[in-house]
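Fold and geometry: a report
In case you want the letters, here they are:
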There are 2 protein chains.
Amino acid sequence: MNNFDKYAELLLKKCLGMKKGQPLVITSPIECIDFVRILAKQAYEMGVHDIYFDFTDSYLKSYQLLNFEDNEFENSLFFNKKIYDEYAKKDGAFLMLSAEESDVYKDVDSDKLAKANYISRTSRPIYKEKQGKYEVAWCIAMVSTEISSKKVFPNDEKSKERLWNEIFKACLVLEDNPLDAWDKKKENNKKNVNKLNSLNLKKLHYTNSLGTDFSVELGKGAIWCGADEEMPDGTPLIVNMPTEEIFTSPLRDSTEGIVYASKPLIYNGTLIDKFWLKFENGKVVDYDSEVGKDVLKTLIEFDEGSSYLGEVALVEYDSPISNSNILFYNTLYDENAACHLALGIGFPSCYENGVNMSKEELLEVGVNQSNEHTDFMIGTSDLRIVGTTFDNEEVIIFENGNFAWN
Amino acid sequence: MNNFDKYAELLLKKCLGMKKGQPLVITSPIECIDFVRILAKQAYEMGVHDIYFDFTDSYLKSYQLLNFEDNEFENSLFFNKKIYDEYAKKDGAFLMLSAEESDVYKDVDSDKLAKANYISRTSRPIYKEKQGKYEVAWCIAMVSTEISSKKVFPNDEKSKERLWNEIFKACLVLEDNPLDAWDKKKENNKKNVNKLNSLNLKKLHYTNSLGTDFSVELGKGAIWCGADEEMPDGTPLIVNMPTEEIFTSPLRDSTEGIVYASKPLIYNGTLIDKFWLKFENGKVVDYDSEVGKDVLKTLIEFDEGSSYLGEVALVEYDSPISNSNILFYNTLYDENAACHLALGIGFPSCYENGVNMSKEELLEVGVNQSNEHTDFMIGTSDLRIVGTTFDNEEVIIFENGNFAWN
């Protein structure tokens, strides 16, 4: 097996836990057709019969966005993803292959991008609900394309091959047995997750030299999770490949203070950089950005819930992706290089019995609801996080960017 | 403009007559993404807003066919083309870019291919009806892919570029002004069409040295057509690019005698070669083939109408594609190298007032009905066709493979 074969096997077997006869949806840039053929062939060999291929192309999408008139978005089949609901109904698995090609969209109005995004997200409510509860298998993984690799390695003629190699490295594909390597990594992650859950934390207070000084509170039922998602039938999933993070959903109305981003954010294909957000009673009440302030506004005002946090995630500054010192311009990777937060919907699986709750019930216990969920990085080498337990004891969680107890 | 730009302009402006604001469906092999981007960009510049991209890949399709179980075909979204009906309803234009990649399907059961084909065809009844009446603009054109070009030029390392060049040549893209060149060609074609229509033919009798000896009759309302299709609003179309043929639909029950194919036929991706068909009262009553007899059987038995003729087409043996001496393994091109017939549905536009008739009415006047329409070549350098007019006069139509009067 070459590295592409090994990567495909990792995604299908370890991330999605594909079963015989299970339908599969593969979303991929057209440019990666060769890798999709490898995936399809392996999936069929595993006994999959029915695969739906959802091909995308940034150039075609940007042309469409530049030319669409406002009233044509709603009914457009271009951005509509209702076919996901068809496959969610029959318990299909979903593999989303992503490449960050934001530069292609530089001439497109950010409102139009947001609108297209909104249609894509809201046109598949059944999928979205099942995805949040891990009732369908899903995984987001990166692929290397001409444009996305040039962004990461602008001066390398063989940028595409080089980015593929970084993907293989970060996903442990270069190990003798990537499947075993991920079992070991998950085991280690589990130790930190168990430690955090045993602490019974009610509050986290973040500070660093950027100026970050804010706190969030956790509900009684909050659960820390990390790369050990399970479907109701017990099938283990890895929904983000790779993943280093340990995360939970904070109480929606609890965030207070100011937080500075430590890395750039790509939203709807556009760069937001050097920004801060100020929270009161959980809600963003002020913000600024040196680059892309209008796009940041679009994100925050996307809907009611997009101005509240849905996720707090802990990632050691001394992690493989962080140590690579590569800025991937892709949240999937960059979020594994630093502690982060997310504006938008929280995770039902991060709250006790949350997967059996309705949206209204989740909101009631403090898990934020939104059609948005966007991560942004806040971790630095001097980040300190002090926790307070429900017994009002203080405990240091992070010191100098890493877990205090490791 | 390079040749790709010129080809794109020809297809959009001259073949489809694209109008500002008109929706567009482009079907293309994934491999031709670069050409699709050119098409899309030009279409948007012409004022098109809404394009639906229907990408195909022979490898993925063959994997799917090899692995689908029988009961999974019906509901499969893979072969379903109902989205065409959505676009037909809003008067979209349809550009089908085709490449003959039959070799990829060599391990696939011909019944499965036929089934997938059947679903594709019958899942878009509105499109099919409007297509037949030119109520939607449509065009089939060839593109060059790795596999299809290797089939045509097996020993040429640059087969893909070479086939593109043959496409440009056959479509007059290498002329200074391809759009004007097609106007001239259509004018010339029109003269032969007018001559044939003025003859008031009721019968054609074909003979050649292969052994062909058969006749077909034409109804009183039969109309000869040739590359001058028009939409109800007067927009001229070229539905097959390129096209040399002049064609009509014969009386369904009138075919008598034996006809020998003069070139191979690719059906559902499989080769049928050196075959003959024997007709009685319009219907195929016997047949044989040296290669692909089972596939020929599938075609003839596809439905009731697929054992009757829906088209007779006249092409001079001395035509550009014929003179190129290249076998393209693609009916779109090869049909322009020789006189041919088609099993399956006839053309409403080839019968007086036919576009306003229902299927039942068309069948009543003798225009065959079917979900099938497959051309096969019968023209040779010694083909002779003798016509009989409704005034019972004999007139020689073809002599030595060409129009007798040119």
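Each value, and the rule that gives it
- Residues numbered from 1 in each chain as written.
- Chains lettered and ligands numbered in written order.
- Predicted model: local features only at pLDDT ≥ 70, side-chain atom pairs only at ≥ 80, totals over all residues.
- Heavy atoms only, no water.
- Contact = heavy atoms within 4.5 Å.
- Buried area = accessible area lost by both parts, 1.4 Å probe.
- Salt bridge = Lys/Arg side-chain N within 4 Å of Asp/Glu carboxyl O.
- Polar contact = N/O pair within 3.5 Å; in protein donor to acceptor, adjacent residues only side chain to side chain.
- Helix = DSSP H or I, 4+ residues; strand = E, 2+ residues; numbered from the N terminus.
- Buried < 20%, exposed > 50% of the residue type's maximum accessible area, 1.4 Å probe, protein only.
- Pairing = 2+ DSSP bridges.
- Axes fitted to C-alpha atoms, helices over the stretch in contact; angles between N-to-C directions.
- Parallel < 35°, antiparallel > 145°, perpendicular 65-115°, else oblique.
- Left-handed = near helix turned anticlockwise from the far one by under 90°.
- Least-squares fit on C-alpha atoms with pLDDT ≥ 70 in both.

Tallying the contact residues gives 28 residues for chain B and 28 residues for chain A. In total, chain B and chain A occlude about 2,700 Å² of area from one another, counting both sides; carbon and sulfur atoms represent 64% of this. There are two salt bridges connecting chain B and chain A. A salt bridge links Asp57 of chain A to Arg37 of chain B; its shortest N-O distance comes to 2.5 Å. Linking chain B with chain A are six residue pairs in polar contact (both at pLDDT 80 or more). When contributions to the side of chain B that touches chain A are tallied by element, the ones reaching two or more residues are helix 2 (33-45), strand 2 (51-56), helix 3 (58-67) and helix 4 (83-89) of chain B. For the side of chain B that touches chain A, the element with the highest residue contribution is helix 2 of chain B, accounting for six residues.

So, on to the pairing of strand 2 (residues 51-56) of chain A. Residue and element names in this part refer to chain A. Taken across its six residues, strand 2 has five buried, putting it largely inside the fold. In the sheet, strand 1 (residues 24-29) pairs with strand 2 via six bridges, with the strands oriented parallel. Note on strand 2: the bridge partner recorded for Pro29 is Thr56.

Here the focus is the packing of helix 5 (residues 110-122) of chain B against helix 10 (residues 293-300) of chain B. Residues and elements named next belong to chain B. Across the interface, helix 5 lies against helix 10 with an axial gap of 10 Å and an inter-helix angle of 30 degrees. Comparing the axis directions of helix 5 and helix 10 gives the class roughly parallel. Between helix 5 and helix 10 the crossing geometry is right-handed. Seen from helix 5, the contacting residues are Ser110, Asp111 and Ala114; seen from helix 10, they are Asp294, Val295 and Thr298.

Along helix 3 (residues 58-67) of chain A, the residues classified as buried are Ser58, Leu60, Ser62, Tyr63, Gln64 and Leu65 of chain A. Elements that come into contact with the buried residues of helix 3 of chain A comprise strand 2 and helix 5 (110-122) of chain A together with helix 2 and strand 2 of chain B. One side-chain oxygen of the residue at the start of helix 3 of chain A lies 3.3 Å from the amide nitrogen of Tyr59 of chain A, identifying that residue as Asp57 of chain A.

This brings us to the relation of the copies chain B and chain A. Superposition record for chain B on chain A: RMSD 0.1 Å, screw rotation 180 degrees, translation along axis 0.0 Å. The superposition operator between the copies reduces to a two-fold rotation axis. Every residue of chain B has its C-alpha some distance from the rotation axis, and the shortest such distance is that of Ile30 of chain B, at 3.4 Å. Here 100% of the interface residues in chain B have copies in chain A that are interface residues too; the copies meet face to matching face.

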